[in-house]
Amino acid sequence: MADDNHADDNSHTHHEDHEDHETHQDLRARWHTTLLGASETAPDPAPYADNLLARWAEPQRRYHTTAHLTAVLDHIDVLEEHAQDAGLVRLAAWFHDAVYAPDRSENEERSARLAERALAEAGLSEPRIAEVARLVRLTVTHDPAEGDHNGETLCDADLAILAAAPDAYAAYASAVREEYAFVPDEDFRAGRAAVLRQLLALPRLFRTPYGTAHWEGPARANLATEIDLLTV
């Protein structure tokens, strides 16, 4: 029986490795299309993909992983007609959590600076670089100005997890807790509940017409449920 179990374990690991490889190949293809579509020159996208995918796969990440990146890009696909320039929104998605340390508060700023350096090297124009960096910095507050269609698209795509089915939302909340494993439970519960209450107090979580219609209600229900669980 031990050998059978070992074989099962190997099969499971092989399946996960295959899925990871497929995910990375898909993300590479998406990155190539996005970068070449935005650049004034024709840079080799591969080195940038290598760097970014390595960052998104760092061991301290539990929620802010390549799965999150894929989900945000998928949500941008749904919302792209709302954006003024969906290509730049997609670039911002690639960089928005590229620098991520749960115990640091300046992740978005460092991610924006990384975008500025990398995209300048990759041959993007200064206005396009500035817009990508602005969008990355916007994910600090997720509060785009009225009429900022690029910002609304990115922020809605990033927050769409809040409207996930209850089991997927529970997995998200659990992964966030794991990223903050260094925070004592009582402190985490208080801090997380405060963040969720701030979100619930917003007039609108989502700014795009699609997000408002499809994600607002489920997200508010999920947030209220998590607050209840945190304050038992």
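Look above for the structure.
To keep things clear, this report deals only with the structure shown in the data block.

Parameters at a glance
Residues numbered from 1 in each chain as written. Predicted model: local features only at pLDDT ≥ 70, side-chain atom pairs only at ≥ 80, totals over all residues. Heavy atoms only, no water. Core = buried A, V, L, I, M, F, W, Y, C linked by side-chain atoms within 4.5 Å. Buried < 20%, exposed > 50% of the residue type's maximum accessible area, 1.4 Å probe, protein only. Helix = DSSP H or I, 4+ residues; strand = E, 2+ residues; numbered from the N terminus. Contact = heavy atoms within 4.5 Å. Phe/Tyr/Trp six-rings, centres within 6.5 Å; stacked < 30°, edge-to-face > 60°. Expected span 1.5 Å × (residues − 1). Axes fitted to C-alpha atoms, helices over the stretch in contact; angles between N-to-C directions. Parallel < 35°, antiparallel > 145°, perpendicular 65-115°, else oblique. Left-handed = near helix turned anticlockwise from the far one by under 90°. Nonpolar A, V, L, I, M, F, W, Y, C, P; charged D, E, K, R; others polar.

## Observations regarding the nonpolar core
Thinking step 1. The biggest cluster of nonpolar side chains holds 63 residues, and the ones touching the most others in it are Trp31, Trp94, Phe95, Leu119 and Leu162.
Thinking step 2. Counting residues per element, this core draws most heavily on helix α4 (residues 86-95), at 8 residues.
Thinking step 3. Once residues lying within four places of it in the same chain are set aside, the contact partners of phenylalanine 95 are Trp31, Leu52, Ser111, Leu114, Ala115, Ala118, Leu119 and Val136.

## Observations regarding the packing of aromatic side chains
Thinking step 1. According to the stated counting rule, one finds 8 aromatic pairs in the structure shown.
Thinking step 2. On the numbers, 5.2 Å between centres and 65 degrees between planes, the contact of tryptophan 31 with tryptophan 94 is edge-to-face. Here tryptophan 31 is found in helix α1 (residues 2-38), whereas its partner tryptophan 94 is found in helix α4, with 63 residues between them in sequence. Each member of the pair, tryptophan 31 as well as tryptophan 94, carries the same accessibility label: buried.

## Here's the deal with helix α6 (residues 126-138)
Thinking step 1. A rise of 1.5 Å per residue sets the reference length of α6, with its 13 residues, at 18 Å; its end C-alpha atoms lie 18 Å apart and thus fit the reference within 8%.
Thinking step 2. When α6 is considered as a whole, its buried residues turn out to be Ile129, Glu131, Val132, Ala133, Leu135, Val136 and Leu138.
Thinking step 3. Contacts made by the buried residues of α6 are with α4, α5 (107-121) and α7 (149-159).

## Here we look at the environment of alanine 165
Thinking step 1. Of note, alanine 165 is situated in the loop between α7 and α8 (166-179).
Thinking step 2. Owing to a relative accessible area of 44%, alanine 165 belongs among the partly exposed residues under this scheme.
Thinking step 3. As for alanine 165 and serine 125, which are separated by 40 residues in sequence, their C-alpha atoms are 40 Å apart.

## Considering the packing of α8 against helix α11 (residues 216-230)
Thinking step 1. Closest axis-to-axis distance for the α8/α11 pair is 11 Å, and the angle between their directions is 50 degrees. Taken together, the axes of α8 and α11 are oblique relative to one another. Of the two elements, α8 crosses α11, and the hand of that crossing is right-handed. Residues Pro166, Tyr169 and Ala173 of α8 lie in contact with α11, whose contacting residues are Asn222, Leu223 and Glu226.
Thinking step 2. Among the residues forming the contact of α8 with α11, the class breakdown is 4 nonpolar, 1 polar and 1 charged.

## Focus on unusual backbone geometry
Thinking step 1. Although it is not a glycine, histidine 142 sits at a positive phi angle of roughly 50 degrees.
Thinking step 2. Residue placement: histidine 142 occurs in the loop between α6 and α7.
Thinking step 3. Overall, the relative accessible area of 17% leaves histidine 142 in the buried class.

## Some words on the packing of helix α3 (residues 66-79) against α7
Thinking step 1. At their nearest, the axes of α3 and α7 sit 8 Å apart, and the two run at 130 degrees to each other. By the angle between their axes, α3 is oblique relative to α7. Both α3 and α7 take part in a crossing whose hand is right-handed. Taking contact as the criterion, the partners of His68, Val72, His75, Ile76 and Leu79 in α3 are, on α7, Thr153, Leu154, Asp156, Ala157 and Asp158.
Thinking step 2. Considering only residue class, the contact of α3 with α7 consists of 5 nonpolar, 3 polar and 2 charged.

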